Amino acid sequence: MGSETLWHKNNTPEQEIFLNSSYNYFNSNASPLKKVQSIVRVFGTELWFSSDLINYYNNKIYLMLFFKSLTNDNAFDANQLSFMNEQDIEHYRAENFGQLNAGFTNTNNELIVTNVWFSYVVATITPYNSFSYDGYLLNLI
Amino acid sequence: MPNIKEEYLLRPTSTPEQINFISQFFAKFNTSNGANKKIINVEPLYYVGAYAGTEFLTYAANKLYLVLNMEYAYLFSSGVVGEFINFLDETNANFYVKTNFSGVDSAGANRFNNDVITNFYFSRTTAAANAMTWIKFNGYRITLQ
């Protein structure tokens, strides 16, 4: 339902493959997974603790064309994201060691992941960790 | 025999690098006078999840993967100087080794690190020194005659 929301003539080949595969996965009659009820375009920039992307619900899946985590803190040496699936199980992890902590203060560390789906993310918790994203929210029934 | 054309994989938004790579790939595998087998099927393929047990680890003489974008994350331990992945070609021979030393951690903890490869093909992969725990593949599964 509403899958036309996903298709644009300016989608890259990678986006086309990702969106087709992911949508079909969550909307398959052969799958025990819930069906797609509606699709909403989502984008924004927000601090991690005020973002709904860190909360698990059993009826929503994000298809992110672009997802960026930016940490700014000297107490952590890595920017790590765990992507959780529809069953609340980690199914992908990304990590960037861009700047190890020793000798640095308030270092920025940027981690970008493209074309990934998840129900929610577990992120490095620093005071100024923020998310920037552009993609779609699938509401499942 | 199906006549698979490279145009099937091209989109208006394909990058110049993708167009060049796909053209070269078809020139190698879809010629009638070469030693290589012909392409008889292409399937869009997206996978994200655990690396262990995936089809990317197994060799078959009539199977290749065409990578538009592949990211992988692996665990390495203190004392390991880097991590690398072997890519094997259509004859099951190792033809490319990609290393990434950027995540070496002097603190001695076990760490994950990510790497990415684009516009490439392989028959299978092996992680030589470290467990490559997660993989995100975006491309095509190619079936050869």
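To start, this report covers the structure provided alongside it. Every chain's residues receive numbers from 1 upward, in the order its sequence appears when written. Here chains are named by letter from A upward and ligands by number from 1 upward, in the order in which they appear as written. Only residues with pLDDT of 70 or above have their local features reported here, since the model is predicted, and side-chain atom pairs are shown and tallied only from 80 upward, although totals for entire chains, interfaces and linings are computed over all residues.

1. As for helix α1 (residues 13-26) of chain A
Definition in use: Strands here mean DSSP runs of E at least two residues long; helices mean DSSP runs of H or I at least four residues long; both are numbered from the N terminus. Each residue after the first adds 1.5 Å to the expected span of a helix. The burial criterion counts other C-beta atoms lying within 10 Å of a residue's C-beta, which is placed from the backbone; the residue is buried at 20 or more, exposed at 12 or fewer, and partly exposed between these limits.
Spanning 14 residues, α1(A) covers 20 Å between terminal C-alpha atoms, matching the ideal 20 Å at 1.5 Å per step. Where α1(A) is concerned, the buried positions are Pro13(A), Glu14(A), Gln15(A), Glu16(A), Ile17(A), Phe18(A), Leu19(A), Ser22(A) and Tyr23(A).

2. Section: the sheet that holds strand β6 (residues 120-123) of chain A
Residues and elements named next belong to chain A. The test is simple: At least two DSSP bridges between two strands are needed for those strands to be called paired. For helices, the fitted line uses only the C-alpha atoms of the stretch in contact; every axis is such a line through C-alpha atoms, and the angle between N-to-C directions lies from 0 to 180 degrees.
One open sheet accounts for 3 strands, arranged β4-β3-β6; its pairing is antiparallel. Two strands bound the open sheet, and with one partner strand each, they are β4 (90-96) and β6. Going across the sheet, the axis of each strand differs from the next one's by a mean of 20 degrees, ignoring polarity. Sheet analysis places strand β3 (residues 79-84) next to β6, joined by 4 bridges and oriented antiparallel. For methionine 84, the partnering residue across the bridge sits in β6 and is tyrosine 120.

3. Some details on the environment of Leu53(A)
One can find Leu53(A) in the loop between β1 (36-47) and β2 (60-72). Each C-alpha atom, one on Leu53(A) and one on Ser119(A), is 7.8 Å from the other, the two residues being 66 residues apart in sequence.

4. Quick notes on the interface of chain A and chain B
Heads up, the rule is: Distance between backbone-placed C-beta atoms decides contact: two residues are in contact if it is within 7 Å. Each residue receives one of three labels: charged for Asp, Glu, Lys and Arg, nonpolar for Ala, Val, Leu, Ile, Met, Phe, Trp, Tyr, Cys and Pro, and polar for the others, Gly being one of them.
Taken together, the contact between chain A and chain B spans 22 residues of the former and 22 residues of the latter. Put simply, the parts of the chain that give the side of chain A that touches chain B at least two residues each are α1, β4 and β5 (108-118) of chain A. The element contributing the most residues to the side of chain A that touches chain B is α1(A), with 8 residues. When grouped by side-chain class, the residues that make up the side of chain A that touches chain B number 8 nonpolar, 9 polar and 5 charged.

5. Some details on the sheet that holds β5(A)
Residue and element names in this part refer to chain A. Ordered in space as β1-β7-β2-β5, the 4 strands form an open sheet in which the pairing is antiparallel. Single-partner strands in this sheet number two, and they are β1 and β5. Mean inter-strand twist for the sheet, computed between neighbouring axes without regard to direction, equals 10 degrees. Of the pairings in the sheet, the one linking β2 to β5 comprises 10 bridges and is antiparallel in character. From the neighbouring strand, tyrosine 62 faces β5, where its bridge partner is phenylalanine 118.

6. A short note on the pairing of strand β7 (residues 130-140) of chain A
Residues and elements named next belong to chain A. Judged from the 11 bridges that link them, β1 and β7 form a sheet pairing that is antiparallel. Counted as the bridge partner of valine 42 is glycine 135 from β7. In terms of strand pairing, β2 meets β7 through 10 bridges, oriented antiparallel. Opposite serine 69, over in β7, you have phenylalanine 131 as the bridge partner.

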